[in-house]
Amino acid sequence: MGRPILHIDIAIIGGGIAGLWTLNQLRKQGYSAVLFEREALGSHQTIGSQGMIHGGVKYALAGSWGSGSQSVAAMPGIWRNCLEGRGAVDLRGCKVLSEDFFLWSSGDLQSRLAALFASKLLRGHIRKIAPSEYPPPLQSSRFRGQVYRLADLVLDVPSLVNTLARQQRDAIFSIDWRQASLHRDGRRAELVLPQCTVVPQQLLLTAGAGNDTLMAELGSAQPAMQRRPLQQVIVRHEYREPLYGHCLGSNASPRLTISSHQDKTGRPVWYLGGELATAGGEEPPGQLISRARGELTGMFPWIDFGTSEWATVQLDRAEPRQSSALRPEHAFVGRVAGIDNALVAWPAKLTLTPDLASAVVRQLECENIAPRHPQQLSVLQDLSRPPVATTYWDSLLP
């Protein structure tokens, strides 16, 4: 008897937000598809996200409101449609941490925001609010800044991953690369497993920083990838009021971006990003924590955080290579050089994931790859199923 062959429309490698969203969208459109993940679903970049679905205001503040601006500005609306069950994927049941996101500064923001108010792309995305509407951490007589509300939202990332995975459990499997390999048959890619050989119409690589290794296994180095280091800061404390927002300083990009979470026992956690995390990407963790502690003390001298515990999360933002290693403006989907049936994809930002999945669909349609094979995965049923990744505050601050 010959080796079993599994013919399928799409085989996806990588179970972060890009792979999970695309799996959901493709199966909803009638494609047979399967996803393989080496570790836990959402590992590394996805679970390290703050969960912000933003419309690009922070990029506009930095003066980088470029060619991708229109698609970014549309993102909060696209995600909200999905949360209501009216979008390309069904996110009903995903926990929304906040429908509000704030922008504040101790200085005068009006001159810096004047151009934003005039922008058609940002109309309705930002408005100044009265002190009575300030989030609780800013409701102090000692606060002297201005506060704006953005039309952005914040999702609970583990809930997001769970929501996408739960709907496709029958098509998501663990993969052990000690026993599996990518194989190149001429100009076509196949996935060799102990159980069978998976022969897809299209192979899709959505493994984030692992994409370059997967491409190398296929004998390709293009499209090239870049890594931009990031080091977020976690602080678990005793102050119960949440905060979601950007604090502006003297630089163009947000001085500090704060999102609020709870650990597995319900204790409050603030997750700190922004300029602190980007500039501190390669800083010694203890030194970065010292700076973060000083930032919170300086910004919120009226808040008693009680006993606090600190940790940092070092991440690589894996993206398609840009000139001068700049941030990409678009989600990226491209052909793996030399392979006729393999695509590689990076979303660039959590918020751009819908754009990535739609770009995959357009690429399939452009190449006349239509649903063809049945969703018959019984040959894979002996494979284990990957869990959802643990949040960094629960793994680093047990």
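Our structure's up above, just so we're on the same page.
About the cut-offs
Residues numbered from 1 in each chain as written. Predicted model: local features only at pLDDT ≥ 70, side-chain atom pairs only at ≥ 80, totals over all residues. Heavy atoms only, no water. Helix = DSSP H or I, 4+ residues; strand = E, 2+ residues; numbered from the N terminus. Buried < 20%, exposed > 50% of the residue type's maximum accessible area, 1.4 Å probe, protein only. Contact = heavy atoms within 4.5 Å. Areas by Shrake-Rupley, 256 points an atom, 1.4 Å probe, with all protein chains shown as cover. Core = buried A, V, L, I, M, F, W, Y, C linked by side-chain atoms within 4.5 Å. Pairing = 2+ DSSP bridges. Polar contact = N/O pair within 3.5 Å; in protein donor to acceptor, adjacent residues only side chain to side chain. Salt bridge = Lys/Arg side-chain N within 4 Å of Asp/Glu carboxyl O. Axes fitted to C-alpha atoms, helices over the stretch in contact; angles between N-to-C directions. Left-handed = near helix turned anticlockwise from the far one by under 90°. Nonpolar A, V, L, I, M, F, W, Y, C, P; charged D, E, K, R; others polar. Phe/Tyr/Trp six-rings, centres within 6.5 Å; stacked < 30°, edge-to-face > 60°. Parallel < 35°, antiparallel > 145°, perpendicular 65-115°, else oblique.

## Overview of the overall build of the protein chain
Here is step 1: In terms of helices and strands, the protein chain carries ten helices and 19 strands.
Here is step 2: Expressed as a percentage of the 398 residues in the protein chain, the buried residues total 57%.
Here is step 3: Here the contacts in the protein chain between residues at least 6 apart in sequence split such that 75% fall between residues at least 24 apart.
Here is step 4: Carbon together with sulfur atoms contributes 49% to the accessible area of the protein chain, which is approximately 16,600 Å² in total.

## Observations concerning the nonpolar core
Here is step 1: Of all hydrophobic cores here, the largest spans 58 residues; its most connected members are Trp21, Trp79, Leu91 and Leu160.
Here is step 2: Not counting residues up to four positions away in its chain, the partners in contact with leucine 160 are Ile17, Trp79, Leu91, Cys94, Leu155 and Leu350.
Here is step 3: Within the second largest apolar cluster, 31 residues are counted, among which are Ala171, Val198, Val336 and Ile339.

## With respect to the sheet that holds strand β3 (residues 52-53)
Here is step 1: If you walk across this open sheet you meet the three strands as β3-β8-β4, and the pairing is antiparallel. Only two strands of the sheet have a single partner each, and these edge strands are β3 and β4 (96-98).
Here is step 2: The pairing of β3 with strand β8 (residues 153-155) spans two bridges and is antiparallel. In the sheet register, isoleucine 53 faces β8, and the bridge partner there is leucine 153.

## Let's talk about helix α5 (residues 157-166)
Here is step 1: For α5, the tally of buried residues reaches eight of ten residues, placing the bulk of the element in the interior.
Here is step 2: Among the residues making up α5, those that are buried are Val157, Pro158, Ser159, Leu160, Val161, Thr163, Leu164 and Ala165.
Here is step 3: At the N-terminal end of α5, a side-chain oxygen is found 2.9 Å from the backbone nitrogen of serine 159, two or three residues along, and the residue is aspartate 156.

## Some points on the pattern of salt bridges
Charged atoms that come close allow side chains of opposite charge to pair.
Here is step 1: Taken as a whole and judged by the stated rule, the model has 19 salt bridges.
Here is step 2: For glutamate 84, the salt bridge is made with arginine 86, and the minimal N-O distance between the two is 2.3 Å.
Here is step 3: Residue class for glutamate 84 comes out partly exposed when judged on its relative accessible area of 45%.
Here is step 4: Overall, the relative accessible area of 54% leaves arginine 86 in the exposed class.
Here is step 5: Among the ionic pairs, glutamate 319 bridges to arginine 228, the shortest N-O distance being 2.7 Å. Here arginine 228 lies in strand β13 (residues 225-236) and glutamate 319 lies in strand β17 (residues 309-320), a separation of 91 residues in the sequence.
Here is step 6: When its relative accessible area of 1% is taken as the criterion, glutamate 319 is described as buried.
Here is step 7: Through salt bridges that share partners, Asp100, Arg127, Glu133 and Arg149 make up one connected network.

## Topic: the pairing of strand β15 (residues 256-262)
Consecutive residues of a regular strand have side chains that alternate between opposite faces of the sheet.
Here is step 1: Of all the seven residues making up β15, six are buried; the element is thus mostly covered by neighbouring parts of the structure.
Here is step 2: In terms of strand pairing, strand β14 (residues 245-248) meets β15 through three bridges, oriented antiparallel. Paired with cysteine 247 across the bridge in β15 is leucine 256.
Here is step 3: Where β15 and strand β16 (residues 268-273) come together, six bridges link them in antiparallel fashion.

## Notes on the packing of helix α1 (residues 17-28) against α5
Here is step 1: In contact at an axis separation of 9 Å, α1 and α5 are set at 35 degrees when each is read in the N-to-C sense. Read as a crossing pair, α1 and α5 show a hand that is left-handed. Across from Ile17, Leu20, Trp21 and Asn24 in α1, the residues of α5 making contact are Leu160, Val161, Leu164 and Ala165.
Here is step 2: Taken together, the residues of the contact of α1 with α5 sort by class into seven nonpolar, one polar and no charged.

## Some words on the side chain of arginine 236
Here is step 1: Turning to its location among the elements, arginine 236 is positioned in strand β13.
Here is step 2: Within polar-contact distance, the side chain of arginine 236 engages the side chain of aspartate 263 at 2.9 Å.
Here is step 3: Residues within four places of arginine 236 in sequence aside, it is in contact with Asp263, Arg267, Pro268, Val269, Thr307, Ser308, Glu309, Trp393, Leu397 and Pro398.

## Overview of the sheet that holds β17
Here is step 1: The sheet built from eight strands is open, its strands ordered β6-β7-β5-β14-β15-β16-β13-β17 with mixed pairing. Strands at the two margins of the open sheet, each flanked by one partner only, are β6 (126-128) and β17. Going from strand to strand, the sheet's axes swing by 25 degrees on average, the running direction of each strand aside.
Here is step 2: With four bridges joining them, strand β5 (residues 101-105) and β14 adopt parallel strand pairing.

## A look at the packing of aromatic side chains
Here is step 1: Applying the stated criterion across every chain, the model contains twelve aromatic pairs.
Here is step 2: Look at tryptophan 270 and phenylalanine 305: their rings are 5.2 Å apart centre to centre, the planes differ by 80 degrees, and that puts the pair in the edge-to-face class. You can see tryptophan 270 sitting in strand β16 and its partner phenylalanine 305 sitting in the loop between α8 (285-299) and β17, a full 35 residues away along the chain.
Here is step 3: By the ring-pair criterion, three or more aromatic residues cluster together here, those being Trp104, Tyr134, Phe143, Tyr239, Trp270, Phe300, Trp302 and Phe305.

## Re the pairing of β5
Here is step 1: Across the five residues of β5, five count as buried, placing the element largely inside the fold.
Here is step 2: Burial along β5 is two-sided: the residues Phe101, Leu103 and Ser105 and Phe102 and Trp104 are all buried.
Here is step 3: Pairing geometry for β5 and strand β7 (residues 146-150), over five bridges, is antiparallel. The residue bridging phenylalanine 102 from the neighbouring strand is arginine 149, located in β7.

## Comments concerning the packing of α1 against helix α9 (residues 353-366)
Packed helices, taken two at a time, are described by the angle between their axes plus the distance between the axes.
Here is step 1: Contact geometry of α1 with α9 gives a least axis separation of 9 Å together with a crossing angle of 50 degrees. Taken as axis vectors, α1 and α9 run oblique relative to one another. Remark: the crossing between α1 and α9 carries right-handed chirality. Here Ile17, Ala18, Trp21, Thr22, Gln25 and Leu26 of α1 lie close against α9, whose contacting residues are Thr353, Pro354, Leu356, Ala357, Ser358, Val360, Val361 and Leu364.

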